[in-house]
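Coordinate analysis (summary)
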Amino acid sequence: ASKPRLPRRARAQEKPLPPVLVQRSLLLPLRPTSRAWNGSRTAMSLPRLRAASCAAAAAAAIGYGAYTLSAAPGPDRLERWHAKWASKQTRWHLQQEHPLLVRYRADLFGPQPRHDSPSPKATRSNVLFPLCGASVDLAALALRGYRVVGVEGVEAAVDALLETFGDEVEQAPPSVSGSLRLRTAVAPGEAGSDAPAVLRAVEGDFLHLSPSAADALGLPRFDAAFDRGALVAVLPEDREAYVATLAGLMAPEGRVLLVTVEHDGFAGPPYEVREADVRELFSPAFAVRPLQREDRMGAEPHWRERGCTRFEEAAYLLTRHRAG
C-alpha cells in the first residue's frame, strides 16, 4: 500500500523551488524517495550517490555573492532580507554542505551515537541554525538523525527550506509564541533507520527568540549551533542582542561553529567581524578558540570590484560556559 501523504500547507505563489538534490548526494545512502519536482509526485528512485569530492568543495565559492547587492537598512531590520527573497537575490546559498561544517563536524558535535543504537538515550545533538535561510546544511544534518531547528525571519525562505526537505506537517493547534511560529517537515530517514527525518524551523525574528519563547515553542536548549552568514549579516548595533539571544538558547558547554569574514573596501553586509570583536562579544558567555583563517580573494575575485584589497574567512569554536 502506498504511504499516505502528510498534509502540506497550500501555496498561492510561484512554482516551488527545485530541490537541492546535491544535499542528498552528500549523505550516506538513503532510502529511495518518491519525490518528483515537476509539481506532482511519481515513483522516482533517488540514486545512491557518493559524497562530493574534497576538491569540488574546496573550489566552491563560499557564497557571500548576494551581499554584493545593495542592502541599505530600512525601518524593519528584516525588510532588506524580505526584498532579497522577493527578487530572488539569494546567491549566498551553497549547493553542498559548507566545507567548514564538514571539516569541523567532530569538533562541533563530539562523538555521536549510531542511528540504530538500541539505547533509548542514544539521541543525536540538538542543533540550532540562526538566520538559516534555505541552507542545505540543515537538511544534511536532519537526514543524518540530528535534531535540527532553523530560525529565519523571511517566510519565503522557510517555505523553500521545508519544501525542498520533505512534507510539511500541519500542527493543530499551531505552535506559536508571539510573532514566532514553529513549522515542521518530515522526510525518509537514514538507510537502516525506521524513524523519519524531521526538520523544524522557527519563522520570525531571531532576536525575539528568548528562552521563555523557546520554552513556549517546545524547543530544547541546544548542544550545538552553526553560524555561517548570521553574525556577519546583522547590523553592528544588533550584535550584542544577537549574541545574548544565542547564548540564552545554548545548553551549558554547548558549542557554536562561528564563521566570520574580515575585509576592507566597504562596510557591509557581510560586515567585518575581527577576532578582537569575536572575543569582546562572546567571551562573557563562551570560551573562544580560533580554528582557521583563509584568504578568499583568489576564489572570490569579485570582492575587488567592491574595493577590497583583502577578504578573509575565519572560523571559531565557541563553548558555552557552565552556569554559575
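Let us look at the structure shown here. Each residue is numbered by its place in its chain's sequence as written, counting from 1. A pLDDT threshold of at least 70 governs which residues receive local features in this predicted model, and a stricter bar of 80 or more applies before side-chain atom pairs are shown or counted, although totals over entire chains, interfaces and linings include all residues. Heavy atoms throughout the structure, all of them, feed into the side-chain values; hydrogens and water do not.

1. Side note on helix α7 (residues 155-163)
Remark: exposure states derive from per-residue accessible area (1.4 Å probe, protein chains only) relative to the maximum for the residue type, with buried under 20%, exposed over 50%, and partly exposed in between. Strands are runs of DSSP state E lasting at least 2 residues, helices are runs of H or I lasting at least 4, and numbering of each runs from the N terminus. For α7, a buried count of seven out of nine residues is recorded, marking the element as mostly surrounded by other parts of the structure. What α7 keeps buried is the set A157, V158, D159, A160, L161, L162 and E163.

2. What to know about the pattern of salt bridges
Here, a salt bridge means any side-chain nitrogen of Lys or Arg that lies within 4 Å of a carboxyl oxygen of Asp or Glu. A full pass over the atoms with the stated rule returns 17 salt bridges. When the shortest N-O distance is used, the salt bridge between R289 and D107 registers 3.4 Å. Linking R289 in strand β9 (residues 286-295) with D107 in helix α5 (residues 105-109), this pair joins segments that are 182 residues apart in sequence. Judged by relative accessible area, which is 26%, D107 ranks as partly exposed. With a shortest N-O distance of 3.1 Å, R296 and E300 are connected by a salt bridge. The exposure class assigned to E300 is buried, which follows from its relative accessible area of 1%. Counted as one network, the salt bridges with shared partners bring together D159, E168, R181, R183 and E203.

3. Some remarks on the nonpolar core
We call a set of buried Ala, Val, Leu, Ile, Met, Phe, Trp, Tyr and Cys residues a nonpolar core when their side-chain atoms join them within 4.5 Å. Counting 42 residues, the largest nonpolar core has L209, L246, F282 and L318 as its most contacted members. Ranked by the residues each element gives to this core, the list is headed by helix α9 (residues 239-249), at five residues. The residues contacting F282, other than those within four sequence positions of it, are L231, V243, L246, L258, V288 and L318. Listed in part, the 33 residues of the second largest apolar core include L100, F129, A139 and A197. In this description, contact between two residues means that some pair of their heavy atoms is separated by no more than 4.5 Å.

4. Considerations on the pairing of strand β2 (residues 147-152)
Most of β2 sits inside the fold, with five of its six residues counted as buried. We call a crossover right-handed when, viewed with the strands running away from us, the connection from the first strand over the helix to the second turns clockwise. What joins strand β1 (residues 126-130) to β2 is helix α6 (residues 136-142), and the crossover it makes is right-handed.

5. Describing unusual backbone geometry
A cis amide bond, omega 0°, links G268 with the succeeding residue P269. In this model, P269 is joined to P270 through a cis peptide bond whose omega is -5°. The backbone of E253 sits at a positive phi, close to 70°, despite the residue not being glycine. Looking at where E253 falls in the secondary structure, it is placed in strand β8 (residues 250-263).

6. Observations concerning the pairing of β8
The buried fraction of β8 is high, at 11 of 14 residues. Only strands that DSSP links by at least two bridges are regarded as paired with each other. Here strand β7 (residues 222-228) runs beside β8; their pairing, made up of six bridges, is parallel. The partner of F226 across the bridge, within β8, is L257. On the question of chirality, the crossover connecting β7 to the parallel β8 by way of α9 is right-handed. Of the strand pairs in this sheet, β8 and strand β10 (residues 311-320) are connected by nine bridges, and their pairing is antiparallel. Bridging across to β10, E262 finds its partner in E312.

Purely spatial values, then, with no claim about function.
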